[in-house]
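Residue-level listing of the chains:
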Amino acid sequence: MKHCDSALHVTGQSNYVDDVPNPAGMLHGAFFGSPVAHGLIKSVDTTKAAQIPGVVSVFTYEDIPGDGMIGGVVADEPLLAFQETSFHGQPIALIVAETVEAARDGAKACELEIEELPPITCPRKAFEKGQILQELRVFEKGSVGDAWKDCEYIISGSVDLGGQEHLYLETNRSRAIPKEDDQILIYSSTQSPSAVQKEVASVLGLPMHKIEIDVKRLGGGFGGKEDQATHWACHAALASQLLKRPVQVVLSRADDMRMTGKRHPYKQDYKIGLDAKGNILAYDVFHYQNSGAFMDLSNPVLERTCLHSTNAYAIPNVRISAVPCRTHLPSNTAFRGFGGPQGMFPIEVAIDAASKQMGLPAWKIQEINLAKKNYVFHYGQELEDDRLSRCWDEAARAFEFEETQNRVEAFNSENRFKKKGLAVMPVCFGISFTKTFFNQGSSLVHVYTDGSVSVATGGIEMGQGVSSNMIEICSRSLGIPVSQIKSNSTNTSRIANISPSAASATTDLNGNATIIACNKILDGMKQVAAEDLGCDSSVISIENAKVLKDGTDTGLSWNDLVSKTYMSRVPLMAHGFYTPPNIHFDGVKGYGRPFHYYTYGACVVEATVDCLRGVYKIDSARLTHDLGRGIIPSVDLGQVEGGLAQGIGWVTLEELKFSEDGRLLSNALSTYKCPDGDFLPDNMDVRFLENADNPGGPLGSKAVGEPPFMYGIAAFFAIRNAIHAFSPVNTSETVCPMTPEQTLKLLYPNFSFSEDIA
Ligand code: MTE
Ligand code: HPA
Ligand code: MOS
């Protein structure tokens, strides 16, 4: 099977929120955003805005009939700013007009009196000023304090780790359509329809059953629409409810970039201690998370940072301290890896720093310290299998780490201005929401009397292929071809209390639920077949749309049996509910077994740096990944390559720049560069672990969406190692991303880059 949307996408037929024909009388919304990052609102004057031809209404905080404060973890964010503004671009007024243009003109005509206050953009500074969203969290294992005296090498340093713009192709958008009796139908580009439903209900002061959310697909989410699609749905719903007309809100790219949060940047301090052989004895890290203005998902993101702070390594003494710091930036949010990449980056920096001191390649230290079966992480979960080592060993063998290292060193000794670097990134990523209750999936399978099948689950299609996976799972469960199955939109009236499509767990949770639903239907159908054929239902099976008895064709087709089942008044629809077994996590103690299992892999990246110009080329990225038994090969490969590309982008080209006064400078695709096809390595060699069925995953599969992102981290070190071969790098202060500008600074640390060169 291929991705079920591919033909629709390339012919432009796939529907997104604003592709559905406009309902009569639909209005459009636009925002007047705060012109300063931090200020006290003295007055908002919308008189002129309201006079713009086409403008129908202008709404501010006072117009909200229900609760004006929103937020999934803590309701600390005003839907429209009042009294105070907390980031540049924060919506203050919603202008609703007959056309998008009129709405935007209205936004420009809003007048504001504001007392500007100094903004904080640095998390360290925020921490110093007591601006934290939650108390400091500390995870401890063993005693780092006692361990230092046994260490041969002790190295410490700091990391300045950048954020990342989601850059989904489809910006945030929502369309609200009023129905009878205060009911509203909302099309929203959200990863979390039930969060939207709940928040809209709260904002409007209505019960949730009056709000229906429908999502066909997203043009990418990447975590950016896990929590932050909610706002725009609330805005559209608010205007639609007050005006009793359909209202659509579509953010322009510029507004989406300045009004929505990104991957959290972090500042970090680390200290690592090793014995003479390279065994890591102690690791101590402090994470200052740049959370932005409100809580959003900062708390669970930071939690995953803590859990993944030792990545794939066995370390006897660990201390991890972390604090979410409040700054005057848009609220940072979920982004592929959900804090995991930020947790893993500093341990890789620490290992790299140790390798430079010890004169050993970093991958040798990584190898020595790789966690083995029965290792217990600092949060209490044990590694239950040896797949991490299998991935590493297979990668080391297939991609010849030792030989590659020798080849790179030979190249570097022969070339003066071109240098190569090599780096390996192992990944051990926990699968499950760390908020245990979220780990539930639901599916509704309908078999119609013509034999066609529709499957609707809580899973949101955002390009990652969950719809295709659900079709394939139905096909294999029911024994009928994929052409007979359609995946329906995700709708809160079909499935209640949907967990966000996130944590890479969407296919796991909803796929297992789909298998349960299919089996319920099959049970009934087999009973009907057994009665018809005069045998026991246990000998009935269905393959290729044929009904088999003891494995032989009975002449009865799927369609025949569907008709007989219907005529027998046996249900042809079923709801399946699934929750993974044996997971628990005490969020306060930071202890338990949060993950259903881990997804593993190891990736080796080679890069070449042009040491005169400061530009580089990623030559290759080669990896072994544990996919379990994959469901649809092309979809899985797409996830691995896409994740890797996004990870490489994060640590190389993608640089978020804010001015001193908190304005986003990299606010367009002309100033924010993400990798294109040409930038990516010519040689991307992705291999999957064989004979690796995952008993917990549907059809033996493993979650694949996020883990490959972290392979990209190897690109940072590959480039830096190449630089190091030209000019020794000071590893005590690490700045990420490694933009060409940053590369040049490291190549020529003593050169003062004058204004005109810059
Ligand atoms: N792939 C595409 N094409 N588009 C996306 O938005 N999101 C990523 C990943 N892969 C994303 C994607 C993120 S952040 C997650 S959590 C998972 O897909 C979510 O889907 P899954 O749970 O089905 O893996
Ligand atoms: N991953 C992704 N999204 C989440 C998580 C998580 O662990 N927890 C809450 N939302
Ligand atoms: Mo993904 S960051 O869990 O949406």
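If you're wondering where the values come from, they're calculated on a predicted model, not measured in any experiment. All residue numbers refer to positions counted from 1 along the written sequence of the respective chain. Key to labels: chains lettered from A, ligands numbered from 1, both in the order written. Given that the model is predicted, a residue must reach a pLDDT of at least 70 before its local features are reported, and side-chain atom pairs must reach 80 or more before they are shown or counted; all residues, however, enter totals for whole chains, interfaces and linings. Note that the side-chain values use all heavy atoms of the structure and ignore hydrogens as well as water.

**Digging into the overall build of the protein**
Right, on to step 1. Looking only at helices and strands, the protein features 19 helices and 32 strands.
Right, on to step 2. Taken against the 2.2 N^0.38 rule, which gives 27 Å for 758 residues, the C-alpha radius of gyration of the protein at 27 Å falls within 12% of a compact globule.
Right, on to step 3. Seen through its principal axes, the protein has C-alpha atoms that stretch 80 × 75 × 50 Å.
Right, on to step 4. Three labels apply to residues, based on accessible area from a 1.4 Å probe with only protein chains included: buried if under 20% of the type maximum, exposed if over 50%, partly exposed otherwise in between. Taking all 758 residues of the protein together, 61% fall into the buried category.
Right, on to step 5. Contacts are assigned to residue pairs that have any heavy atoms within 4.5 Å of one another. For the protein, the proportion of contacts with a sequence separation of at least 24, taken over those separated by at least 6, is 80%.
Right, on to step 6. Accessible surface area values rest on a Shrake-Rupley calculation with a 1.4 Å probe, where residue burial reflects the displayed protein chains alone. Accessible surface for the protein amounts to roughly 28200 Å². Of this, 50% is attributable to carbon and sulfur atoms. Only DSSP runs of H or I with at least four residues qualify as helices, and only runs of E with at least two residues qualify as strands; both kinds are numbered from the N terminus onward. Only C-alpha atoms enter the radius of gyration; for comparison, a globular chain is expected to reach 2.2 Å times N to the power 0.38, where N is the number of residues.

**Some details on the sheet that holds strand 18 (residues 418–431)**
Right, on to step 1. Here, any two strands with at least 2 DSSP bridges between them count as paired. Across the sheet, 4 strands lie side by side as 18-29-30-31; this open sheet has mixed pairing. One side of each edge strand has no neighbouring strand; the edge strands of this open sheet are strand 18 and strand 31 (683–688). Averaged over all pairs of adjacent strands, the angle between strand axes in this sheet comes to 15°, irrespective of strand direction.
Right, on to step 2. Strand direction decides the pairing type here: strand 30 (residues 615–625) and strand 31, joined by 6 bridges, are parallel. For Ala621, the partnering residue across the bridge sits in strand 31 and is Met684.
Right, on to step 3. Together, strand 18, strand 29 (597–610) and strand 30 form the strand contacts of helix 13 (residues 401–414), whose direction differs from that of strand 18 by roughly 150°.
Right, on to step 4. Here helix 17 (residues 633–651) sits on the sheet and contacts strand 29, strand 30 and strand 31; the angle it forms with strand 31, its principal contact strand, is near 130°. Structural elements are reduced to axes, namely lines fitted to C-alpha atoms, with helices fitted over the stretch in contact, and the angle between N-to-C directions of any two is expressed from 0 to 180 degrees.

**Notes on the side chain of Asn721**
Right, on to step 1. Take Asn721: it is sitting in helix 18 (residues 713–726).
Right, on to step 2. Polar side-chain contacts of Asn721 include one of 2.8 Å to the backbone oxygen of Leu422. Distance and chemistry together define a polar contact, namely a pair of N or O atoms within 3.5 Å, with one atom able to donate a hydrogen and the other to accept it when in protein, and with adjacent residues in sequence counting only for side-chain atoms on both sides.

**Structural notes on the site of ligand 2**
Right, on to step 1. Here a residue counts as near a molecule or strand whenever at least one of its heavy atoms sits within 4 Å of it. All residues in the neighbourhood of ligand 2 are listed as Glu226, Arg304, Phe338, Phe433, Thr434, Phe438, Ala502 and Ala503.
Right, on to step 2. Glu226 is positioned with one of its side-chain polar atoms (N or O) 2.8 Å from a nitrogen atom of ligand 2.
Right, on to step 3. A distance of 3.1 Å separates an oxygen atom of ligand 2 from a polar atom in the side chain of Arg304.
Right, on to step 4. Protein contacts shield 99% of the accessible area of ligand 2, which totals 260 Å² for the unbound molecule.
Right, on to step 5. In this classification, the charged set is Asp, Glu, Lys and Arg, the nonpolar set is Ala, Val, Leu, Ile, Met, Phe, Trp, Tyr, Cys and Pro, and all remaining amino acids, among them Gly, are polar. Of the residues assigned to the shell around ligand 2, the class counts are 5 nonpolar, 1 polar and 2 charged.

**Brief notes about the pattern of salt bridges**
Right, on to step 1. Between Lys or Arg on one side and Asp or Glu on the other, a salt bridge is scored when a side-chain nitrogen of the former is within 4 Å of a carboxyl oxygen of the latter. As enumerated under the stated definition, the model contains 35 salt bridges in all.
Right, on to step 2. With a shortest N-O distance of 2.9 Å, Asp352 and Arg720 are connected by a salt bridge. On the criterion of sequence distance, the pair formed by Asp352 in helix 10 (residues 340–358) and Arg720 in helix 18 is long-range, its members being 368 residues apart.
Right, on to step 3. Of the residues examined, Arg720 reaches a relative accessible area of 2% and is grouped as buried.
Right, on to step 4. Residues joined by salt bridges that share partners form a network here, namely Asp18, Glu170, Arg173 and Lys225.

**A closer look at the site of ligand 1**
Right, on to step 1. Ligand 1 sits among 16 residues. The nearest are Gly221, Phe222, Met462, Thr506 and Gln639.
Right, on to step 2. Here an oxygen atom of ligand 1 and a backbone polar atom of Phe222 are 2.9 Å apart.
Right, on to step 3. Within the side chain of Gln464, one N or O atom sits 3.0 Å away from an oxygen atom of ligand 1.
Right, on to step 4. Contact with the protein chains covers 92% of the free accessible surface of ligand 1, which is 520 Å².

**Quick notes on the domain arrangement of the protein**
Right, on to step 1. Those domain boundaries reflect an automatic or database domain assignment. Domain assignment breaks the protein into domain 1 (6–118 + 166–259), domain 2 (266–434 + 587–754) and domain 3 (440–578).
Right, on to step 2. Of note, the centres of domain 2 and domain 3, computed from C-alpha atoms alone, are 39 Å apart.
Right, on to step 3. Taken together, the contact pairs 18 residues of domain 2 with 19 residues of domain 3.
Right, on to step 4. Summed over both partners, the accessible surface that disappears when two parts come together, traced with a 1.4 Å probe, is what is meant by buried area. Across the domain 2/domain 3 interface, buried area totals approximately 1500 Å², and carbon plus sulfur atoms make up 61% of it.
Right, on to step 5. Its largest share of buried area at the contact with domain 3, domain 2 owes to Phe433, Pro698 and Leu699, together 39% of the area lost on that side.
Right, on to step 6. Put simply, domain 2 and domain 3 have 0 salt bridges between them.
Right, on to step 7. Applying the counting rule to domain 2 against domain 3 returns 4 residue pairs in polar contact (both at pLDDT 80 or more).
Right, on to step 8. Here the side of domain 2 that touches domain 3 is built from residues that sort into 10 nonpolar, 6 polar and 2 charged.

**Some details on the packing of aromatic side chains**
Right, on to step 1. Any pair of Phe, Tyr and Trp rings, taking the six-membered ring for Trp, is counted once the centres come within 6.5 Å. Such a pair is stacked with planes under 30 degrees apart, edge-to-face with planes over 60 apart, and tilted for the rest. One pass over the structure, following the stated rule, counts 24 aromatic pairs.
Right, on to step 2. Taking 5.1 Å as the distance between ring centres and 75° as the angle between the ring planes, the aromatic pair formed by Phe345 and Phe716 counts as edge-to-face. Here the residue Phe345 occupies a position in helix 10, and Phe716 occupies one in helix 18, the gap between them amounting to 371 residues.
Right, on to step 3. Judged by its relative accessible area of 0%, Phe345 is buried.
Right, on to step 4. Each member of the aromatic cluster is reached from another via a ring pair, and the members are Phe335, Phe345, Trp650, Phe709, Phe716 and Phe717.
Right, on to step 5. Distance and angle both matter: a charge sits over a ring if NZ of Lys or CZ of Arg is within 6 Å of the ring centre and within 35 degrees of the ring normal. Positioned above the aromatic ring of Tyr168, the side-chain terminus of Lys225 is 4.4 Å from the ring centre.

**As for the sheet that holds strand 12 (residues 184–188)**
One key point about sheets: their strands pair by backbone hydrogen bonds, in either a parallel or an antiparallel sense.
Right, on to step 1. With mixed pairing, the 8 strands of this open sheet are ordered in space as 3-7-1-14-11-12-13-22. The strands lining the two open edges of the sheet, one partner per strand, are strand 3 (55–59) and strand 22 (490–491).
Right, on to step 2. By the bridge criterion, 5 bridges tie strand 11 (residues 173–178) to strand 12 in an arrangement that is antiparallel. Within strand 12, the position partnered with Arg175 by the bridge is Tyr187.
Right, on to step 3. Against the sheet, helix 6 (residues 193–204) touches strand 12, strand 13 (211–215) and strand 22, its axis set at about 150° to strand 13.

**Re the state of the cysteines**
Working definition: the covalent bond between the sulfur atoms of two cysteines is a disulfide.
Right, on to step 1. Criterion for a disulfide: a pair of cysteine sulfur atoms at a distance within 2.5 Å. Taken as a whole and judged by the stated rule, the model has 0 disulfides.
Right, on to step 2. Sulfur of Cys518: no disulfide; nearest cysteine sulfur belongs to Cys474 and is 3.9 Å away.
Right, on to step 3. Note on Cys518: relative accessible area 0%, which makes it buried.

**Focus on the environment of Met710**
Right, on to step 1. Within the secondary structure, Met710 sits in the loop between strand 31 and helix 18.
Right, on to step 2. Taking C-alpha positions, Met710 is 6.8 Å from Val427, a pair spaced 283 residues apart along the chain.

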